[in-house]
Amino acid sequence: MNTDKKRTARIRKILRTLYPEVKTQLDYETPFQLLVATILSAQCTDKQVNRVTAKLFKKLATPNDFSKAPLETLETLIHSTGFYRNKARNIKNCAGMLMEKHAGEVPADLEKLVKLPGVGRKTANVVLGAAFNIPGIVVDTHVSRISQRLNLTDNKDPVKIEFDLMEQIPKKQWDVFSLHLIYFGREFCKARKPACPDCLMNKLCTYTGKRS
DNA sequence: CTCCCGATAT
DNA sequence: ATATCAGGAG
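Everything quoted here is computed from the prediction, not taken from an experiment.

How each quantity is defined
- Along each chain, residues carry numbers from 1 onward, in the same order as the chain's sequence is written.
- Chain labels run from A onward and ligand labels from 1 onward, assigned in the order the entries are written.
- Totals for whole chains, interfaces and linings use all residues, but because this is a predicted model, local features are given only for residues with pLDDT of at least 70 and pairs of side-chain atoms are given and counted only at 80 or more.
- Based on all heavy atoms of the structure, the side-chain values leave hydrogens and waters out of the count.
- Each helix is a run of H or I in the DSSP string that is no shorter than four residues. Each strand is a run of E no shorter than two, and both are numbered from the N terminus.
- Both definitions apply: the radius of gyration is a C-alpha atom measure, and the globule rule equals 2.2 Å times residues to the power 0.38.
- Relative accessibility thresholds used throughout: buried, under 20% of the residue-type maximum; exposed, over 50%; partly exposed, between the two (1.4 Å probe, protein chains only).
- Note on definitions: a residue-residue contact is assigned when non-hydrogen atoms from the two residues lie within 4.5 Å.
- In this text, near means that some heavy atom of the residue lies within 4 Å of the molecule or strand in question.
- Pairs of N or O atoms are called polar contacts if they sit within 3.5 Å, as long as, within protein, a hydrogen donor faces a hydrogen acceptor (for residues adjacent in sequence, only side-chain-to-side-chain pairs).
- All residues other than Ala, Val, Leu, Ile, Met, Phe, Trp, Tyr, Cys, Pro, Asp, Glu, Lys and Arg, Gly among them, are scored as polar; the first ten of these are nonpolar and the last four charged.
- Helix axes are fitted only over the stretch in contact, all axes being lines through C-alpha atoms; the angle between N-to-C directions runs from 0 to 180 degrees.
- Angle categories are assigned with fixed cut-offs, so that under 35 degrees is roughly parallel, over 145 is roughly antiparallel, 65 to 115 is roughly perpendicular, and the rest are oblique.
- In a left-handed crossing the near helix is turned counterclockwise from the far helix by less than a right angle, and in a right-handed crossing that turn is clockwise.
- In this description, a disulfide is simply a cysteine sulfur pair whose atoms lie within 2.5 Å.

Asker: Pulling in residues and values, what's your account of the overall build of chain A?
Answerer: In terms of helices and strands, chain A carries 11 helices and zero strands. Mapped in sequence order, the helices and strands of chain A form the string α-α-α-α-α-α-α-α-α-α-α. Its C-alpha atoms give chain A a radius of gyration of 18 Å, within 12% of the compact-globule value 17 Å for 212 residues. If one aligns the C-alpha atoms of chain A with their principal axes, the spans along those axes are about 55 × 30 × 30 Å. Each of the 212 residues in chain A was classed as buried or not, and the buried ones make up 49%. Summarising the internal contacts of chain A: among those between residues at least 6 apart in sequence, 60% fall at separations of at least 24.

Asker: Break down the protein's contact with DNA strand B for me, citing the residues and quoting the values.
Answerer: Neighbouring DNA strand B are the residues Gln43, Gln48, Arg51, His79, Ser80, Gly82, Phe83, Tyr84, Arg85, Asn86 and Arg192. Protein-proximal atoms of DNA strand B, defined as those within 4 Å of the protein, fall in sugar or phosphate at a share of 53%. Between DNA strand B and the protein, one listed contact pairs a sugar or linking oxygen with a backbone N or O atom of Phe83 at 3.0 Å. Of all the elements in the fold, those that place two or more residues in the surface near DNA strand B are helix H3 (46–59) and helix H6 (84–101). Top contributing element to the surface near DNA strand B by residue count: H6, with three residues. Counted by class, the surface near DNA strand B contains two nonpolar, six polar and three charged residues.

Asker: Report on the packing of helix H2 (residues 31–40) against H3, specifying residues and quantitative values.
Answerer: Look at H2 against H3: their axes get within 10 Å of each other, and the N-to-C directions meet at 140°. Considering the angle they form, H2 stands oblique to H3. Note that H2 runs across H3; the crossing there is right-handed. For the pair formed by H2 and H3, the contact residues are Gln33, Val36, Ala37 and Leu40 on the first element and Val49, Val52, Thr53, Leu56 and Phe57 on the second. For the contact of H2 with H3, the class distribution of residues is seven nonpolar, two polar and no charged.

Asker: Requested: an account of the state of the cysteines, with residues and values cited.
Answerer: Applying the stated criterion to the full structure yields zero disulfides. Left without a disulfide partner, Cys44 is nearest to the cysteine sulfur of Cys94, which lies 18 Å away. Cys199 supplies the cysteine sulfur nearest to Cys196, a cysteine that is in no disulfide, at a spacing of 6.5 Å.

Asker: Quick rundown of helix H10 (residues 158–168)? Include the residues and the values.
Answerer: Listing the buried residues of H10 in full gives Ile161, Glu162, Asp164, Leu165, Met166 and Gln168. On its buried face, H10 sits against helix H1 (5–18), helix H8 (121–132), helix H9 (141–149) and helix H11 (174–187).

Asker: Run through the environment of His180, naming residues and quoting values.
Answerer: Along the polypeptide, His180 turns up in helix H11. Residues His180 and Val22, 158 residues apart in the sequence, show an inter-C-alpha distance of 7.0 Å. With residues up to four places along the chain from it excluded, the contact list for His180 reads Leu15, Arg16, Tyr19 and Val22.

Set out below in structure tokens:
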């Protein structure tokens, strides 16, 4: 594995040049709404999630609202994000657990967040970073793919990738770096058809699957 | 490891 | 027709 922090710093500099300003693309008003939006974002585009939550949050906004809503109603409202049965059940149970054990508030704590139904480390780190300004590496499909292509990790397990990246990047930059890889992954280092000829990372990248 | 699953790009 | 999208649970 590449543990060269200087090489990683070069990569980070290029990403900062490409994307001076980054933030989550999910729309939300409260930490709880961000939590719901992030659960919905599994295997779904942010664009589609925002389309759904725009209507959803007008009908249901708080943990109390979601915990009391009929499961079938919730399933219908989120249907177009895919995995709608799992997501609806998880969100409803998650809201119920927040009401019972956390006074209706989203805990600003990784260990507590991942105990909520439907919330893994990826979702927890998104919420911690964006809503509470607590640093965390967010390993989603883009971060996983690009970390491997750029040789920032030898691992495929998301948790191992998360810890590999934490070693190479200043803690204050964990969330920005995650967002940088996501922006970069959407525009250049795409899963299916990476834009290698147009990529500023070309001289630092040894990805052998290069094709235009 | 498999399953969950609709919308979109290729 | 098939791969992929800010994954998580059993």
